[in-house]
Amino acid sequence: MAVIHHTTLSPTKLELLTPWLPEQPWYAGDGTTPDLTKAGGFRLDDPEGEVGMEFMVATDSSGAAPVHYHVPLTYRGAPLPGADHALIGTLEHGVLGKRWAYDGTHDPVLVAQLFALLTGDAVAQAQSVSDALDPTVHAQLAGTGHGTVPGPASVTPAPSATDILVRSARPLVLRVHRVLAPGDTDGGSTLGHISATWTEASGERARGVFLTAHESA
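Cut-offs used in this document
- The written sequence of each chain sets the order in which its residues are numbered from 1.
- Totals for whole chains, interfaces and linings use all residues, but because this is a predicted model, local features are given only for residues with pLDDT of at least 70 and pairs of side-chain atoms are given and counted only at 80 or more.
- In computing side-chain values, all of the structure's heavy atoms are included and hydrogens and water are not.
- Only protein chains enter the calculation, and the probe is 1.4 Å; a residue is then buried if its accessible area is under 20% of its type maximum, exposed if over 50%, and partly exposed in between.
- Only DSSP runs of H or I reaching four residues or more are called helices, and only runs of E reaching two or more are called strands; each is numbered from the N terminus.
- Only strands that DSSP links by at least two bridges are regarded as paired with each other.
- By definition, a salt bridge exists where a carboxyl oxygen of Asp or Glu is found within 4 Å of a side-chain nitrogen of Lys or Arg.
- One less than the residue count of a helix, multiplied by 1.5 Å, gives the span that helix is expected to have.
- With a 1 Å grid spanning the protein atoms alone, the term cavity applies to any set of points in which a 1.4 Å probe fits but cannot get out, the term pocket to an open set with protein on both sides within 12 Å along at least five of seven lines, and the term lining residue to any residue with an atom within 4 Å of a point.
- Grid points are joined across faces, edges and corners, and a volume is the space filled by probe spheres set on the points.
- The nonpolar class holds Ala, Val, Leu, Ile, Met, Phe, Trp, Tyr, Cys and Pro. Asp, Glu, Lys and Arg form the charged class, and all remaining residues, Gly among them, are polar.
- Between 30 and 60 degrees the pair is tilted, below 30 it is stacked and above 60 it is edge-to-face, where a pair is any two Phe, Tyr or Trp rings, Trp via its six-membered ring, whose centres lie within 6.5 Å.

J.: Please provide a residue-by-residue account of the pairing of strand β4 (residues 67-76), values included.
T.: In terms of burial, β4 is largely enclosed, as 10 of its 10 residues are buried. Of the two faces of β4, the one carrying Val67, Tyr69, Val71, Leu73 and Tyr75 and the one carrying His68, His70, Pro72, Thr74 and Arg76 are both buried. Direction of pairing for strand β3 (residues 52-60) relative to β4: antiparallel, over a ladder of 9 bridges. If you follow threonine 59 over to β4, its bridge partner there is histidine 68. The antiparallel hairpin formed by β3 and β4 contains 6 residues in its connecting segment. Inspection of the sheet shows β4 paired to strand β11 (residues 179-180) by 2 bridges, in the antiparallel sense. The partner of tyrosine 69 across the bridge, within β11, is valine 179. Pairing of β4 with strand β6 (residues 97-103) involves 4 bridges; the strand directions are antiparallel. Along β6, the bridge assignment pairs arginine 76 with tryptophan 100.

Given below as structure tokens:
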């Protein structure tokens, strides 16, 4: 299970995300600098123990109403070959040293484990507690015999989302919801979904869909 080091980060994760978020096609801000706070999320384990994976909810309070962004992140001890376009930035970890932070939708390790979470072959870990599961994360995928995936075959921006094409026993599109809203916890008429919780600006807990799975066209 994930080991969480409570140590210093320079810059912090939110400092890395502040200039990066407005450059994304699904950013819903009005051009002002984001005012970010961490509002929730969960982690997944890398079976090889090399790549850190976090599904962060970052709330932007710079506009008229708070916006909750879902940002899958991977943390690596060396650059991911061929993924310069997905690099968010680097940070100095007080225990692990220099880390490369990526938009996880482009990282094959995260995509493989995200698919494993959908199929029940992986379990969600607590975001900030070592060796602890997160039972608030709910995942399901219709059918059986989906197999495994080697990583993303393609990654395409969609309105308020990012679509990841994966080639399992049958090709699927994993739609990572980037702008979160409470409700619709069953994902609607889809093949599967992942839902999780975050903390609203009011302090209340909300649940919404982080990912839906769709048949590939």
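J.: Explain the pairing of β6 to me, and be specific about the residues and the numbers.
T.: Two faces belong to every sheet, and in a regular strand the side chains alternate between them. With 6 of 7 residues buried, β6 is to be regarded as a mostly interior element. The sheet contact formed by strand β5 (residues 87-93) and β6 spans 6 bridges and is antiparallel. Paired with glycine 89 across the strands is alanine 101, a residue of β6.

J.: If you had to explain the pattern of salt bridges to someone new, which residues and values would you point to?
T.: Where charged atoms from two side chains of opposite charge approach closely, those side chains can pair. Counted by the stated rule, this structure contains 5 salt bridges. In this structure, glutamate 54 and arginine 43 form a salt bridge, with 3.7 Å as the shortest nitrogen-oxygen distance. With a gap of 11 residues between them, glutamate 54 in strand β3 and arginine 43 in strand β2 (residues 36-44) connect regions that are remote in the sequence. By relative accessible area, which is 0% here, glutamate 54 ends up buried. Residue arginine 175 pairs with aspartate 163 through a salt bridge whose shortest N-O separation is 2.7 Å. One end of the pair, arginine 175, is in strand β10 (residues 171-177); the other, aspartate 163, is in strand β9 (residues 161-167), and 12 residues separate them in sequence.

J.: Provide a residue-level description of unusual backbone geometry, including the pertinent values.
T.: The residue serine 160 is not glycine, and still its phi comes out positive at about 60 degrees. Its location among the elements puts serine 160 in the loop between β8 (154-158) and β9. Judged by its relative accessible area of 38%, serine 160 falls in the partly exposed class.

J.: Mind laying out helix α2 (residues 108-119), listing which residues take part and the relevant values?
T.: The end-to-end C-alpha distance of α2, which contains 12 residues, comes to 17 Å, matching closely the 16 Å that a straight helix rising 1.5 Å per residue would cover. With 9 of its 12 residues buried, α2 lies for the most part within the structure. For α2, the full list of buried residues reads Leu110, Val111, Ala112, Gln113, Leu114, Phe115, Ala116, Leu117 and Leu118. Following α2 by one or two positions, glycine 120 has its phi on the positive side, about 85 degrees.

J.: Tell me about the layout of surface pockets, and name the residues and values.
T.: To find leftover empty space, a probe the size of one water molecule is rolled over the atoms. What the second largest pocket holds in volume is close to 180 Å³. For the second largest pocket, the lining is made up of 14 residues, of which Gln24, Pro25, Asp103, His106 and Arg178 are closest to its centre. By residue class, the composition of the lining of the second largest pocket is 7 nonpolar, 5 polar and 2 charged.

J.: Could you give an account of the packing of aromatic side chains, naming the residues involved and the relevant values?
T.: The final tally for this structure, using the stated rule, is 6 aromatic pairs. Seen from their ring centres, tryptophan 20 and tryptophan 26 are 5.9 Å apart, and the 65 degrees between their planes marks the pair as edge-to-face. Centre to centre, the rings of phenylalanine 42 and phenylalanine 210 are 6.1 Å apart; their planes meet at 45 degrees, and the pair counts as tilted. Here the residue phenylalanine 42 occupies a position in strand β2, and phenylalanine 210 occupies one in strand β13 (residues 205-215), the gap between them amounting to 168 residues. Like phenylalanine 42, the residue phenylalanine 210 is buried in the burial classification. Through a chain of ring-to-ring contacts, the aromatic side chains of Trp20, Trp26, Tyr27 and Tyr69 assemble into a single cluster.

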